[in-house]
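Residues per chain are reported as follows:
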Amino acid sequence: MALEKSFDAKTAEPRLYAAWEKAGCFVAGANAKPGASAYCIMIPPPNVNGRLHIGHAFNNTLQDIMVRWHRMRGFDTLWQPGQDHAGIAMQLAVEKELAAEGKPGRKEIGRDAFMDVAWDYKGRTANGIIDQLKRIGSSCDWSRNAFTMSGAPNAPEGEDGNFHDAVIKVFVEMYNKGLIYRGKRLVNWDPYFETAISDLEVENIETPGHMWHFKYPLAGGETYTYVEKDEEGNVTLSEERDYISIATTRPETMLGDGAVAVHPSDERYAPIVGKLCEIPVGPKEHRRLIPIITDEYPDKDFGSGAVKITGAHDFNDYQVAKRGGIPMYNLMDTKAAMRSDGKPYAEEAAIAQKIANGELDFDEAMISAMNLVPDDYRGMDRFEARKKVVEDITAEGLAVLKLVPCVDAEGQENVRLEPFVENKPIMQPFGDRSKVVIEPRLTDQWFVDTDQIVGPALDAVRNGDVKIMPESGEKVYYNWLDNIEPWCISRQLWWGHQIPVWYGLRKVEGDTKLTNNPPMVFCAANEEDVLSEAQAYYGDTLEVVFDKFGHLPPVEGQEKKPNPAASSVGLPGNMQHQKVTLSRDPDVLDTWFSSGLWPIGTLGWPENTPELNKYFPTSDLITGQDILFFWVARMMMMQLAVVDDIPFKNVYLHGLVRDAKGKKMSKSVGNVVDPLDIIDEYGADALRFTNAAMASLGGALKLDTKRIEGYRNFVTKLWNAATYGDFKGTFDVAHSDTAPDTKLPLNQWIKGEIGKTREAVDAALDTYRFNDAASTLYSFVWNTFCSQYLEFTKPVLDGDDADAAAETKATYAWALDQILILTHPIMPFVTEEIWGAKERPKMLAHADWPTYSAADLVVPEADAELSWTVAMIEAIRSARAQMNVNAGDFIPLVVQGMDGAARSAWAQNEALIKRFARVESLEEVDGMPKGTVTLAASGGTFGLPLDGVIDVAAEKARLEKTLGKLGKELGGLRGRLKNPKFADSAPPEVIEETKANLALREAEEAKLKEAFARLAELG
């Protein structure tokens, strides 16, 4: 079958992928040799309703390269695909669709109906990301496609599987072992979705903000001498104060202050440490007093050095409050409005004051129930409350004042006092899906006690069982896990794995009554097991029933919602009641909890499946460095805690794919690149080769469409090499895996070069240096094979020596096959298309990866001879270009002191050198003629006599002019980089671009100076 003139990627790619699937090329174990070792990669599961983005394309290209490479080498290979149910993202998408169609929302239709709608949505969208992954050539075993909610109780037909069962089983077992608990901690809270979210779902964005400075009056009008000193200890300010000054960007949270903290070494506040100060907001008659404490957290050199401690609304304050036993008052409801529940403010403030005075003990439940929002603020939006707090404090004269220049009524320059408010940018946390400001919120959640399971995960990396690349990732891993916090695994969503916990009334020892403070907790995999546990707990006198609505016992800041099932039996009650109702926890598990079980869950655990025994632990994990903690570390902890084994042996971490200037891709910036658009324009192979070429371990990932265009040209170059071979009859040569016997040095040389290339590619892939593998192949195919060997074969194939032509055809055919094999993992489509143009024993996807070495194929004499010939041609061409010799002119070559090896190489390859270097003759001389440019070539002193060939004076003048212009550019670039203002104010990407531009210009200058020096030799 003759090849077309050009490769049509648009039609070839879907046709080839379909052929691979039909042939079963990607199923687990395909092409495995007898007794082969297993090789398994787990795909980082994309969101089930997601769309392929450039990060997916990059990540999956690297995975596919490794999988195809191992599969062709005969490993028992599995690339396990699947999707994550993407709790918050999926729920948002479904709710948006309901709204767009004018249908009732989630809360109107209820949980059961909403889950039906969500499953239907999943069924309609799930294959989208799969189809897109196929477009980039991902060779996953799609017959084993997994889903993190497969087998859930409400899953429709066709969504069977055991992943849900595995997740629930792990939760129950970890709960029973004391590794999971419910408790109150500060979490990221999304007021739009009304749920806790992970740090990865928070975007910290610099936004315009304010820093307000307020006075907290000392209790009882007490005063102290406030003294400031300079670095030498000289007093610069001394005044009597009856207040302590604090600064805040969130005045509305002042209502929940539990203390004011200063650093223990801050002498300015030593006289008032331990005293009380007044929160300057709220009804004057109920104004709360809080203690002034010391803690290492405040920075005495920043602002006033005093920090208000609001433990329920700030992560740093939370730690201070925990250390100091300071009550943490929650001010906001789930929508981030100021709480409106509970007792009147006067009563709550009085209780809080007794706590602050040390007159009343408190516990967590007591503090949680208290609402310290003054009556006038209750129910207000948090930002409206902020405005009112600022207005009220300012009106009372408790804002810190500062002098500002002004012009008075008479037009004279003067000064006036006004509230001290700094306008400054602040880092504001936003929900990456909701786009609303995230609140730290103290709330009851489920947590994994990571302290109990982190040790083995640390040891596995420290002792070398698991290797993390690059090494910087390993250091981050240690830092995170050495300082790990409890892991919040509950989410206030509906789409997900509902937590397998039911609550009921608790028996009171020595009493016949039941209580729900605290409730009795039953944890089991299903209602049947829960019923058994509960019946054993309550005995035969009570009938246990379930509340399908899943209402929790009352929590702080919320009124208990009606519970039809419970009210019908008169709960709570005593032992004479005939029924007791169990309510299921309505929360679902964080998706990172279920995806933390991805390696074992996709292989069939908890069943002892053949796949689990064969492929676990998996081999390589290739993923982004941004989820090292959220996914990689958690998989390590979870697998070790559940099955006592590591989940994978090697972790390759890559960075974020950025644009050509190193900027993060963003829709708002307008620099987002859609990989499918790239594939449409340039083809999948060009994108894949670009991904491989920029994948230096630990390097920056800058995607430049010009680079993609260049690698599309590489695809074309390879295609042209194949069509040339087809035209010359090399495709008529029967397929052979064995290198042909060769006598011609030219053919012996290319075989040796292929041997070297095979070794280099394997060495690069074995150490995850994808860029080195790509650059090796690019250089060999473009330069060695196409620019040199292909051109060198033309005289032979067009000559009269039939034996030489036949040998060259066979060598060309074999060499091209080796290129297709070695390049296939990176560029599978074009290589498979060329491979299929002649009869083959099997598809290229299953072709045997070569094992020959350079030592097997290199003929030293031929290698030296052709290497000398290639170097000579390149040296002549370089000198001609530098001296601006007319490209079409044939010029003489002279040599002095030519040795035997060079003489032999010239004799064997004279025709090649003359043809490709445009040389008319070689003359041996005793001394170099005037106007000769010497060449960087071995075996003698070679030169090109250019006297009369070029106008030396004109060339020197041209170079001088070019160097002068270039010198001005270099001066400007160097001056910009040396300018401190530029270094301080320019964006990092602009500085890097300037440095790169300078380096290019300096390299250009070096070449021009070398050419000028050569011209100077001519006189």
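Residues numbered from 1 in each chain as written. Predicted model: local features only at pLDDT ≥ 70, side-chain atom pairs only at ≥ 80, totals over all residues. Heavy atoms only, no water.

J.: Quick rundown of the packing of helix H21 (residues 705-727) against helix H25 (residues 828-835)? Include the residues and the values.
T.: Viewed as axis vectors pointing N to C, H21 and H25 meet at an angle of 10°, and their least axial separation amounts to 11 Å. As far as their axial angle goes, H25 and H21 are roughly parallel. Residues Val 715, Leu 718, Trp 719 and Ala 722 of H21 pack against Val 830, Thr 831, Glu 833 and Ile 834 of H25. (Axes fitted to C-alpha atoms, helices over the stretch in contact; angles between N-to-C directions. Helix = DSSP H or I, 4+ residues; strand = E, 2+ residues; numbered from the N terminus. Parallel < 35°, antiparallel > 145°, perpendicular 65-115°, else oblique. Contact = heavy atoms within 4.5 Å.)

J.: Please provide a residue-by-residue account of a nonpolar patch on the surface, values included.
T.: Residues Leu 401, Leu 403, Val 415 and Leu 417 make up a contiguous nonpolar surface patch of about 400 Å² in total accessible area. The set of elements that each furnish at least two residues to the nonpolar patch consists of strand E15 (401-407) and strand E16 (413-419). As for its position among the elements, Leu 401 is in strand E15. (Patch = residues over 30% accessible without salt bridge, like charges linked within 9 Å, V, L, I, M, F, W, Y side chains within 5 Å. Areas by Shrake-Rupley, 256 points an atom, 1.4 Å probe, with all protein chains shown as cover. Salt bridge = Lys/Arg side-chain N within 4 Å of Asp/Glu carboxyl O.)

J.: Quick one: what's the story with the side chain of Thr 195, residue by residue and with numbers?
T.: Residue placement: Thr 195 occurs in strand E6 (residues 195-197). Only 2.7 Å separates the side chain of Thr 195 from the backbone nitrogen of Gln 492, close enough to count as a polar contact. In this view, Thr 195 contacts Ile 88, Asn 188, Trp 189, Asp 190, Arg 491, Gln 492 and Leu 493; residues no more than four positions away in its chain are not counted. (Polar contact = N/O pair within 3.5 Å; in protein donor to acceptor, adjacent residues only side chain to side chain.)

J.: Account for the packing of helix H22 (residues 745-766) against helix H23 (residues 770-797), with residues named and values stated.
T.: For the pair H22 and H23, the least separation of the axes is 9 Å and the interaxial angle reads 170°. As the angle between them shows, H22 and H23 are arranged roughly antiparallel. Of the residues contributing to the contact of H22 with H23, the split by class is 16 nonpolar, six polar and two charged. (Nonpolar A, V, L, I, M, F, W, Y, C, P; charged D, E, K, R; others polar.)

J.: Could you give an account of the nonpolar core, with specific residues and numbers?
T.: In terms of nonpolar packing, the biggest core is built from 203 residues, with Phe 171, Tyr 477, Phe 593, Phe 770 and Phe 785 touching the most fellow members. When residues no more than four places from it in sequence are discounted, the contact partners of Tyr 477 are Ala 457, Leu 458, Val 461, Ile 468, Leu 628, Ala 633 and Met 636. Ranked by size, the runner-up nonpolar core spans 33 residues in total, among them Val 281, Ile 290, Met 380 and Leu 398. (Core = buried A, V, L, I, M, F, W, Y, C linked by side-chain atoms within 4.5 Å. Buried < 20%, exposed > 50% of the residue type's maximum accessible area, 1.4 Å probe, protein only.)

J.: I'd like a rundown of the packing of aromatic side chains, residues and numbers included.
T.: All told, the structure shown has 40 aromatic pairs when counted by the stated rule. Seen in terms of ring centroids, Phe 171 and Phe 593 are 6.4 Å apart; in terms of plane orientation they differ by 65°. Their pairing is edge-to-face. With a gap of 422 residues between them, Phe 171 in helix H6 (residues 163-176) and Phe 593 in helix H15 (residues 591-595) connect regions that are remote in the sequence. The residues Phe 171 and Phe 593 share a single accessibility class, namely buried. When the ring of Trp 814 is compared with that of Tyr 852, the centres are 5.8 Å apart and the planes differ by 50°; the resulting orientation is tilted. Residue Trp 814 is found in helix H24 (residues 802-823), and its partner Tyr 852 is found in the loop between H25 and helix H26 (854-857); the two are separated by 38 residues along the sequence. Of the two residues examined, Trp 814 and Tyr 852, each falls in the buried class. An aromatic cluster of three or more residues is present, and its members are Phe 171, Tyr 175, Trp 446, Trp 487 and Phe 593. Its end group placed over the ring of Tyr 243, Lys 215 keeps NZ or CZ at 4.8 Å from the ring centre. (Phe/Tyr/Trp six-rings, centres within 6.5 Å; stacked < 30°, edge-to-face > 60°. Lys NZ or Arg CZ within 6 Å of the ring centre and 35° of its normal.)

Remember that the coordinates give geometry; whether it matters functionally is a separate question.
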